[in-house]
Each structure stands twice: as C-alpha cells, then as structure tokens.
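Summary of structural features
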Amino acid sequence: MSKLTPETIDWSNLGFSYIDTGARFRAKFTNGAWQEGEIVSDNTVTMSEGSPVLHYGQACFEGLKAYRTKDGEIQLFRPDQNAKRLVKSAEQLLMEPYPEDKFVEAVKQVVQANEDWVPPYGTGATLYIRPFLYGEGDIVGVQPATNYTFAIFVTPVGPYFKGGLAPQDFLVTDYDRAAPQGTGAAKVGGNYAASYLAGKEAKDAGYADAIYLDPATHTKIEEIGSSNFFGITKENQFITPKSPSILPSITKYSLMHLAETRLGMETIEGDVYLNEIDQFVEAGAMGTAAAITPIASITYHGEKHVFYSETEAGPITQKLYDELIGIQFGDVEAPEGWIQTVK
Ligand code: PLP
Ligand code: COI
C-alpha cells in the first residue's frame, strides 16, 4: 500500500488511527537537565532493556488537537492546561516533569513541522497531538529512572466514536480502572492498560466503550474509558461526577464554564448514583478525542437505560457542542486565553 500523504488522504473519512506524518519532537533528560529538543523524522525509539517504562509503566501522556480555521490559520485549544496536567502526572510517578512553557513551545514546533497534515476547515477532522514522557535507563529495581524522554507525535484524526454526533451505547463494567487513592486522576499509561479488558468486552458486545463505577462502592458513575461523563437535568443543570479516581478533563472544565456563562446553566460536580440516572434528560461523553458524544444508552447487568434518544443528540448537548466546537475551530469567540495560534 502506498504511504498516505496530505495530498492523497481523504480528510472526511478519517477515523482515530495512527498515521506517520514524518516529523515528531524529541527531548532528553540526561545528566540532571533537559537537553534542547528537536524535530526528528524517525518514528521509532530505542532504549535500555532495563528502562522503568518497560517493566513498571513509568510513563504518562497528554492529548490535544490543532484546528484549522475558516481563514486557514491553525489554532490550539488550551495547551497550557495539558502542560500543567503532564507535570502533575509526572510528579505522581516520580518522573522529571517537562517545563510547562517548553511544552507549549514544543507543541507549536511540531504542529508547524506538520502544517500540511492539519486537516482543512469544514472536514470536521483535526490534527491530534500526543505528547508523552517515559523513564529509561539501565535499572532493574523498583525505582524511578534518572533519564527521561519527552516526545510528541501528531496524527490527523476524525471522530473517536463512529459517527461524530451520533449517540452511542455504553456498557457499565464491573472492572475498576484505578483505585480510590491511586493514579486515576493522573494521565499515566498503566490506567489505560488496565482499561483494555473492560473496553474489549464492551466493544465485543457491540458497545462504544465501557463506563466505570466508583471503585469503592460500585454505585456511582465515574467516567468512560476515554472521556468524562455529563448529564443534563430538566432543571437545566449540567451534572458531572466528582471523584479522585477520574481524569480531570480539560474539556469538562471548559464545558462547565461555557454551560454557566453562555447557556445560563447551573453546573454541579458531585455524586452521580447509577440508580438516579432517571434525573437526566440528556447525557454525554466529553474529552479531547471524544469531543462531545451524546450517550444514547447505558446498560448495567443486562438492564438498558435510554437517555434522550438513540438516534439524535439532545438540544442542550447540541448547544454545548456548537459552542465548544465553534470555539475550537475559530467560529465562536473564545474566553480569554483559551486559544493559541500556531502561525
Ligand atoms: N477521561 C479519560 C480516561 C481520558 O483518557 C480523557 C482524555 O484525555 C478524558 C477523560 C478527557 O480529558 P480531556 O478533556 O482533558 O481530553
Ligand atoms: C484524549 O482524548 O486525548 C485521550 O487521551 C483519550 C484516548 C485516546 C486515550
């Protein structure tokens, strides 16, 4: 098969898969300091067989997107927030954090180097940006690395869940992805390896993904394998789970702000009991990859609960989507500081 190029790719039919764009960013932490990063072409990495990332999962990552605007500019959505969260994730695993200002600079550098891969406005596609950090070196004991690599690759993507704004069915799983006092709030590799089995069982059974319950009592909705959960009540409230073991989603905090300031909604982070989901007239998944995906239904132990509709997005979900996506693609005015342009 011939290699995809920005000239041959079908932007409107992209899924969420890896495409080698030819340019990525790499920086090394050695001898106690971050070395100057650079753009390289090789998409492989080499490291010592003793590297803690290989044995003990000393790795964390981020996910953000570059958007092409109507007038051809390229913009990033709140990259400073990803920079901050990567520092937090790194600290949880005793890794050397990559400095926040250098993170944003590196993101801009790698997007610029892959400028032609930023999908055209109007296709709905974006350039997904995957920064990651891992520990390496000649180590065998259970201890943190002294050497690290910070890297970023990019890949053009379409919707994470098939069909974009088409409502999706989810399966509530009995597995836990992270412990209450564990790493759930950090974006660390191990959380995702721990979610493979639940995700596979859900997908094999025809669902879009798994929904996790709180690991301590299994009575409250936590989050989805790749995104946070929200529900809308008929009292115009936006309710989303509060838990130490879910990822603090940048999309969630952005939507809460927009729901309050632009849609006049009340927003609540709190307990979302599974036996109280009748209160929601609409529900959705939110995240960078997922954007806003309406939840058609959730199924728990064979019982299916349908929210607004199995075929259409609800009106509030649609409004939230229009506001957020409008901001990201430059069609709607953004709150101060949310957008950074690449060039
Ligand atoms: N929850 C999980 C488990 C995720 O992987 C993601 C994706 O990053 C999110 C939530 C959403 O976070 P964000 O909105 O920052 O992308
Ligand atoms: C993201 O939305 O960036 C994620 O990390 C979700 C998933 C692809 C792991």
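Residues numbered from 1 in each chain as written. Chains lettered and ligands numbered in written order. Predicted model: local features only at pLDDT ≥ 70, side-chain atom pairs only at ≥ 80, totals over all residues. Heavy atoms only, no water.

Focus: the pattern of salt bridges
Overall, the coordinates contain 13 salt bridges when judged by the stated rule. Here Lys84 and Glu100 are joined by a salt bridge, their closest N and O atoms 3.8 Å apart. Residue Lys84 is located in helix 2 (residues 79-92), and its partner Glu100 is located in helix 3 (residues 100-113); the two are separated by 16 residues in the primary sequence. Residue classification places Lys84 among the partly exposed residues on the basis of a relative accessible area of 42%. Looking at Glu100, the relative accessible area reads 34%, which means it is partly exposed. Here Asp204 ties to Lys200 by a salt bridge, and the two come within 2.5 Å at their closest N and O atoms. Pair noted here: Asp204 and Lys200 are both in helix 5 (residues 196-204), with a separation of four residues, about one helical turn. Taking the relative accessible area as the measure of exposure, Asp204 reaches 55% and is therefore exposed. (Salt bridge = Lys/Arg side-chain N within 4 Å of Asp/Glu carboxyl O. Helix = DSSP H or I, 4+ residues; strand = E, 2+ residues; numbered from the N terminus. Buried < 20%, exposed > 50% of the residue type's maximum accessible area, 1.4 Å probe, protein only.)

Notes on helix 6 (residues 250-261)
In this model, helix 6 (12 residues) spans 17 Å end to end at C-alpha, consistent with the 16 Å of a helix rising 1.5 Å per residue. You can read the cap of helix 6 off the contacts: a side-chain oxygen lies 3.2 Å from the backbone nitrogen of Thr251, and it is on Ser249. (Expected span 1.5 Å × (residues − 1). Polar contact = N/O pair within 3.5 Å; in protein donor to acceptor, adjacent residues only side chain to side chain.)

A closer look at the packing of aromatic side chains
Here the distance between the centres and the angle between the planes together describe a pair of aromatic rings. As enumerated under the stated definition, the model contains 19 aromatic pairs in all. Centre to centre, the rings of Phe229 and Phe280 are 6.0 Å apart; their planes meet at 65°, and the pair counts as edge-to-face. Residue Phe229 is located in strand 12 (residues 228-233), and its partner Phe280 is located in strand 15 (residues 280-287); the two are separated by 51 residues in the primary sequence. Of the residues examined, Phe280 reaches a relative accessible area of 4% and is grouped as buried. Among the aromatic residues, ring-to-ring pairing joins Phe25, Phe29, Trp34, Tyr98, Phe103, Tyr148 and Phe150 into one connected group. (Phe/Tyr/Trp six-rings, centres within 6.5 Å; stacked < 30°, edge-to-face > 60°.)

Some words on a nonpolar patch on the surface
Judged by side-chain polarity, Tyr56, Val140 and Val142 come together as a nonpolar surface patch covering roughly 370 Å² of accessible area. Taking the relative accessible area as the measure of exposure, Tyr56 reaches 40% and is therefore partly exposed. (Patch = residues over 30% accessible without salt bridge, like charges linked within 9 Å, V, L, I, M, F, W, Y side chains within 5 Å. Areas by Shrake-Rupley, 256 points an atom, 1.4 Å probe, with all protein chains shown as cover.)

Side note on the site of ligand 1
As a structural note, the neighbourhood of ligand 1 is formed by 17 residues, with Tyr192, Glu223, Ser249, Thr251 and Thr288 the closest of them. In the model, an oxygen atom of ligand 1 is placed 2.7 Å from a nitrogen or oxygen of the Arg85 side chain. In the model, an oxygen atom of ligand 1 is placed 2.6 Å from a nitrogen or oxygen of the Ser249 side chain. Contact with the protein chains covers 97% of the free accessible surface of ligand 1, which is 380 Å². A majority-of-atoms criterion places ligand 1 in the largest pocket. For the shell around ligand 1, the residue count by class is five nonpolar, eight polar and four charged. (Near = heavy atom within 4 Å. 1 Å grid on protein atoms, 1.4 Å probe; cavity = no way out; pocket = protein on both sides within 12 Å on 5 of 7 lines; lining within 4 Å. Sits in = over half its atoms within 2 Å of the grid points. Nonpolar A, V, L, I, M, F, W, Y, C, P; charged D, E, K, R; others polar.)

A closer look at the site of ligand 2
Within the structure, ligand 2 sits among Phe16, Phe61, Gly63, Tyr128, Arg130, Tyr160, Lys187, Tyr192, Ser226, Thr288 and Ala289. Interatomic distance of 2.6 Å between a side-chain N/O atom of Tyr128 and an oxygen atom of ligand 2. Burial of ligand 2 by the protein amounts to 89% of the accessible area it has alone, namely 280 Å². In this structure the site holding ligand 2 corresponds to the largest pocket. Looking at the shell around ligand 2 residue by residue, the class counts come to six nonpolar, three polar and two charged.

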